[in-house]
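Chain residues, written in single-letter form:
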Amino acid sequence: MNWPNESEQYRSARDELLQAEIELRRQEEAVAAQRRALPLGGEVTGDYVFDSPSGPVRFAELYANGKDTLYLYNFMFIPGEQGLPLEVACPSCTSIIDGTDGAFRHLLDRVDVAIVAKAPIAQFAAWGKERGWRFAPLYSSSRTAFNRDYNAESDKAGQLPVAHVFTRTDGRIHHRWSSELFAVPPDPGQHPRHVDYTWPIWKVLDLTPEGRGTDWHPRYGYDW
């Protein structure tokens with residue numbers, strides 16, 4: 001493949017990069033296959049009852065569309081100007097759901113989805129309405145120990161951005177995978193990349209000469 005007016009130097013460097021991209025694709029597929037081959041994790045035995053805009057929902061009822069796989073993302077609320085523990089929505093988590101809300105209308109055809117915050121459901125639903133989310137199924141874990149049991153809450157009750165996959169087999173629900181890369185320190189100078197699996201903006205920035213940078217983070221809004 002060639003592009004208008006490209007130099008031999010560019011084509012040589014691009015062909016070398018293309019080979020690296022091919023190897024990366026192979027590695028990504030190999031890791032995905034290894035992930036799919038994981039044995040069943042621990043059975044979900046906690047009597048977790050979440051709050052939804054329409055009322056209480058037990059964990060098994062998060063499989064709202066009858067699928068056998070559930071993708072669950074722990075959305076953070078964090079201290080704001082007043083220093084309250086669940087005062088404001090995390091800008092980064094907000095950016096993630098901003099970018100994936102439209103994808104949920106497609107994902108829900110294959111898997112069930114739950115976006116879970118420790119904040120009260122009225123607060124979470126109001127934030128979703130303000131952001132214009134239409135397809136993200138929002139739940140509150142405010143009355144359960146789910147976040148603590150599944151490593152989405154620190155010892156000081158701070159919230160953590162952890163995603164999970166659960167599967168239902170023979171009437172029982174098992175944990176299958178969680179984003180443990182979150183707990184692994186990155187190499188020096190390396191972006192953590194622990195939420196690349198669901199955060200589109202970084203994949204686009206990786207294509208640019210400026211890259212991800214070292215000090216840019218998503219905000220609620222921008223002055224262009």
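Look up a bit, the structure's there.
None of these values were measured; they are calculated from a predicted model. (Residues numbered from 1 in each chain as written. Predicted model: local features only at pLDDT ≥ 70, side-chain atom pairs only at ≥ 80, totals over all residues. Heavy atoms only, no water.)

Overview of the overall build of the protein chain
- From N to C terminus, the protein chain includes 5 helices and 9 strands.
- The linear arrangement of helices and strands in the protein chain, starting from the amino end, is α-β-β-β-β-β-α-β-α-β-α-β-β-α.
- Dimensions of the protein chain, computed from the C-alpha atoms along their principal axes, are close to 65 × 45 × 35 Å.
- Counting only residues that meet the buried cut, the protein chain has 36% of its 224 residues in that class.
- Here the analysis covers contacts within the protein chain between residues at least 6 apart in sequence; of these, 57% occur between residues at least 24 apart.
- Summing over all exposed atoms, the protein chain offers an accessible surface of approximately 14100 Å²; the carbon and sulfur share of this is 53%.
- Charge separation in the protein chain, taken as the distance between the mean sites of 24 positive and 31 negative side-chain charges, equals 5 Å. (Helix = DSSP H or I, 4+ residues; strand = E, 2+ residues; numbered from the N terminus. Buried < 20%, exposed > 50% of the residue type's maximum accessible area, 1.4 Å probe, protein only. Contact = heavy atoms within 4.5 Å. Areas by Shrake-Rupley, 256 points an atom, 1.4 Å probe, with all protein chains shown as cover. Lys, Arg positive; Asp, Glu negative; His and termini not counted. Charge placed at Lys NZ, Arg CZ, Asp CG, Glu CD.)

With respect to the pattern of salt bridges
- Counted by the stated rule, this structure contains 16 salt bridges.
- A salt bridge links Arg11 to Asp15, with the nearest nitrogen and oxygen atoms 2.9 Å apart. Taken together, the positions of Arg11 and Asp15, both in helix α1 (residues 8–36) and 4 residues apart, correspond to about one turn of that helix.
- For Asp15, a relative accessible area of 36% puts it in the partly exposed group.
- Note that Arg36 is salt-bridged to Glu29, the shortest N-O span being 3.1 Å.
- Taking the relative accessible area as the measure of exposure, Arg36 reaches 54% and is therefore exposed.
- Among the charged side chains, a network of salt bridges with common partners joins Arg193, Asp196, Lys203, Asp206 and Arg212. (Salt bridge = Lys/Arg side-chain N within 4 Å of Asp/Glu carboxyl O.)

Structural notes on a nonpolar patch on the surface
- A cluster of nonpolar side chains, namely Met1, Trp3 and Tyr10, defines an oily patch on the protein surface of about 410 Å² accessible area.
- A residue is classified by how much of its surface remains accessible, and Tyr10, at 41% relative accessible area, is partly exposed. (Patch = residues over 30% accessible without salt bridge, like charges linked within 9 Å, V, L, I, M, F, W, Y side chains within 5 Å.)

With respect to the state of the cysteines
- For the structure on display, the rule yields 0 disulfides.
- Cys90 forms no disulfide, and the closest cysteine sulfur to it belongs to Cys93, at a distance of 3.9 Å.
- Overall, Cys90 belongs to the buried group, its relative accessible area being 6%. (Disulfide = S-S within 2.5 Å.)

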